[in-house]
Each structure stands twice: as C-alpha cells, then as structure tokens.
Amino acid sequence: MNLDLNGANALVEGLKDAAAKATGVETIVAPPFTLLAAVAEAVKGSRIRCAAQNVHWAESGAFTGECAAASLKELGVDAAIIGHSERRQFFGETDKTVHDRLAAALKVGLLPIVCVGESLDERESQQTWRVLETQLKGALDGFAPVDLSMLVIAYEPVWAIGTGKTASPAQAQEAHLFIRKQVASLYSDALAQGMRILYGGSVKADNIDELMSQPDVDGALVGGASLKVDGFSRIIGFKVPAAN
Ligand code: PGA
C-alpha cells in the first residue's frame, strides 16, 4: 500500500532504462489495485510487466472488496502475487484459499507468484521444512503438471520481510533447494527444474548479487527496496560473479 499515482508513474518511468538493459531478466511491478490501470498503461511498450498483489478465486459475484482474475487481465495485468505472508497474517489467507486463487489465476493465464515461508517461531523451533511442505502441498494440491508450467514460487521467510534481516545466501539456497525437491516429488523433475523460485525478505541493492549467485535462487520479490528507482534499478541489473 505504497506510493500515489504520481509516485508510481515516476517509479516505472525511472525503471524502464534498467529493465531495457537487463536482457534475460524479467521485471514485474506489483502496485496496489488502485494504481494497476495506470501502471499497466504506463509500462506498455517497455520490458516491464505488471502484477496484482492478490486475485480472487471466483469468476465474479458477491465478494465485496475482492478482484477477479479476468478483470485484472482486462486491465493489461500479466501476473498476480498469491498468498503473501501479510495476506496470511492479517487477512485470513489459508493454504486452501491460496490454492483456489492459484487456480483462478491459471485459468485466465495470469502468471502466478505463490508465496511461502516460515515465521521466526517456526524457524527457531525447527519447523521450517514442515511449514514449507504443508504450504506447498496445500497450494499445489490437485493440479496437473501441465497446469503449473507458469508457476513461480517466492520463498519469503516472514522474519526477513520488512525487518532488514535478510536470510543469508546459504539459508536462501537451502530453502530453495528444499522447495525444488518438494515440487519434484509432488510433480516431476522437469517441472521442478524449470520452475523459477524467487527469494523475498529485505532484498536490497547491496545483497542482491550474493543472493542471485546461489544456484537455486532465480529471482527476487522485493518490497521496500523496490520503491526507489536507483536501488531497484541496481537490483534489476544484479551481477553474478563469473566463478558462479
Ligand atoms: P521487503 O518486503 O523487501 O521490504 O522485506 C518483501 C515483501 O514484502 O515481499
């Protein structure tokens, strides 16, 4: 729930250059619902695409305050974040509603970015793997592998979101590999290998290179540091040392 119309327009304008230069990198911005129409228009003709921060599971109907997948598509939105920890924490999101939102997104061809991650308590009580397994199984239950070919997973340890505490590159790598293995065992190696797994939680210009140099970190879901042109441009243009 950041930025006003002028701020959002200025941000995407300022990011176009970095996105154009970063060939091989997909840049997506996810403004609040109220700014989606304007931002989807503003990114037309650029290498930036637009995501919603949520999507409802029903095609239409009496769901006051929600937004249907087809109406997002109609605005020119290409992707949707699903199951962000703030939705889980503050708005009653469950693995079942994540699953249903995912189904709705896939049905209209919105690129789904499904978030999973453990809280600090869960990490400290050695429950990280159990939590990730439960969230993944709940979200991905019953789909056919072919349905999930567009799926993007974001690993977002709740203790790292907006706290300035980033998971170490090794912690991120360990969790990403675990997620990839889970998807391989639920579906197939081919799906798991082709699937992009993003890391989120205090990603910044000064830690992106190290995170992206991990073999199973395929991208980032960036909150606070995405709000400034310079910092986000540096993240889009991350550099992985040649040795990796
Ligand atoms: P942060 O947020 O980058 O500010 O930690 C991440 C997120 O909200 O997904």
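Refer to the structure presented above.
Residues numbered from 1 in each chain as written. Predicted model: local features only at pLDDT ≥ 70, side-chain atom pairs only at ≥ 80, totals over all residues. Heavy atoms only, no water.

Some points on the site of the ligand
- Looking at the ligand, the residues that line it are His84, Glu156, Ala160, Ile161, Gly162, Gly201, Ser202, Val222, Gly223 and Gly224.
- His84 places a side-chain nitrogen or oxygen 2.9 Å from an oxygen atom of the ligand.
- Ser202 is positioned such that a nitrogen or oxygen atom in its backbone is 2.7 Å from an oxygen atom of the ligand.
- Protein chains shield 87% of the accessible area of the ligand, which is 280 Å² for the free molecule.
- When grouped by side-chain class, the residues that make up the shell around the ligand number 3 nonpolar, 6 polar and 1 charged. (Near = heavy atom within 4 Å. Polar contact = N/O pair within 3.5 Å; in protein donor to acceptor, adjacent residues only side chain to side chain. Areas by Shrake-Rupley, 256 points an atom, 1.4 Å probe, with all protein chains shown as cover. Nonpolar A, V, L, I, M, F, W, Y, C, P; charged D, E, K, R; others polar.)

Observations regarding empty space enclosed by the protein
- According to the stated counting rule, one finds 1 cavity of 30 Å³ or more in the structure shown.
- Of the volumes computed, that of the largest cavity is approximately 40 Å³.
- Lining the largest cavity, in full, are Gly83, Ser85, Arg88, Cys115, Val116, Gly117, Gln135, Glu156 and Val158.
- Within the residue set of the lining of the largest cavity, elements represented by two or more residues are helix H4 (85-90) and strand E4 (111-116).
- Residue composition of the lining of the largest cavity, grouped by class: 3 nonpolar, 4 polar and 2 charged. (1 Å grid on protein atoms, 1.4 Å probe; cavity = no way out; pocket = protein on both sides within 12 Å on 5 of 7 lines; lining within 4 Å. Points joined across faces, edges and corners; volume = space filled by probe spheres on them. Helix = DSSP H or I, 4+ residues; strand = E, 2+ residues; numbered from the N terminus.)

Remarks on the pattern of salt bridges
- Enumeration over the complete set of coordinates arrives at 16 salt bridges.
- Between Arg196 and Glu26 there is a salt bridge whose closest N-O contact spans 2.6 Å. Taken together, the positions of Arg196 in strand E6 (residues 196-200) and Glu26 in the loop between helix H1 (5-21) and strand E1 (27-29) put the pair 170 residues apart, joining distant regions of the chain.
- When its relative accessible area of 34% is taken as the criterion, Arg196 is described as partly exposed.
- Residues Arg180 and Asp216 are paired through a salt bridge, measuring 2.6 Å at the closest nitrogen-oxygen approach. You can see Arg180 sitting in helix H8 (residues 169-186) and its partner Asp216 sitting in the loop between helix H10 (208-212) and strand E7 (219-221), a full 36 residues away along the chain.
- Classification of Arg180 as buried rests on a relative accessible area of 5%. (Salt bridge = Lys/Arg side-chain N within 4 Å of Asp/Glu carboxyl O. Buried < 20%, exposed > 50% of the residue type's maximum accessible area, 1.4 Å probe, protein only.)

Quick look at the packing of helix H7 (residues 128-140) against H8
- Put simply, H7 and H8 touch, their axes get as near as 10 Å, and they point 40 degrees apart. The orientation of H7 with respect to H8, classified from their angle, is oblique. The interaxial crossing formed by H7 with H8 has right-handed handedness. Judged by residue contacts, Trp129, Leu132, Glu133, Leu136, Lys137 and Leu140 of H7 engage Glu174, Ala175, Phe178, Ile179, Gln182, Val183 and Leu186 from H8.
- For the contact of H7 with H8, a count of residues per class yields 9 nonpolar, 1 polar and 3 charged. (Axes fitted to C-alpha atoms, helices over the stretch in contact; angles between N-to-C directions. Parallel < 35°, antiparallel > 145°, perpendicular 65-115°, else oblique. Left-handed = near helix turned anticlockwise from the far one by under 90°. Contact = heavy atoms within 4.5 Å.)

Looking at unusual backbone geometry
- At Leu3, a residue that is not glycine, the phi angle is positive and equals roughly 75 degrees.
- With respect to the secondary-structure elements, Leu3 resides in the segment before H1.
- Despite not being glycine, Ser202 shows a phi value in the positive range, around 55 degrees.
- Here Ser202 lies in the loop between E6 and H10.

With respect to the packing of aromatic side chains
- Counted according to the given criterion, the structure contains 3 aromatic pairs.
- With a centroid separation of 6.4 Å and 85 degrees between ring planes, the pair formed by Phe90 and Phe91 is classed as edge-to-face.
- Looking at Phe90, the relative accessible area reads 55%, which means it is exposed.
- Overall, Phe91 belongs to the exposed group, its relative accessible area being 53%. (Phe/Tyr/Trp six-rings, centres within 6.5 Å; stacked < 30°, edge-to-face > 60°.)

Remarks on the layout of surface pockets
- Each pocket or cavity is described by its volume, and for the second largest pocket that value is around 160 Å³.
- Taken together, Ser85, Arg88, Gln89, Gly117, Ser119, Glu122, Val131, Gln135 and Val158 form the lining of the second largest pocket.
- Elements represented by at least two residues in the lining of the second largest pocket include exactly H4 and H7.
- Per-element tally for the lining of the second largest pocket: the top contributor is H4, with 3 residues.
- A per-class count over the lining of the second largest pocket returns 2 nonpolar, 5 polar and 2 charged.

Treat this as a map of the structure, not an account of what it does.
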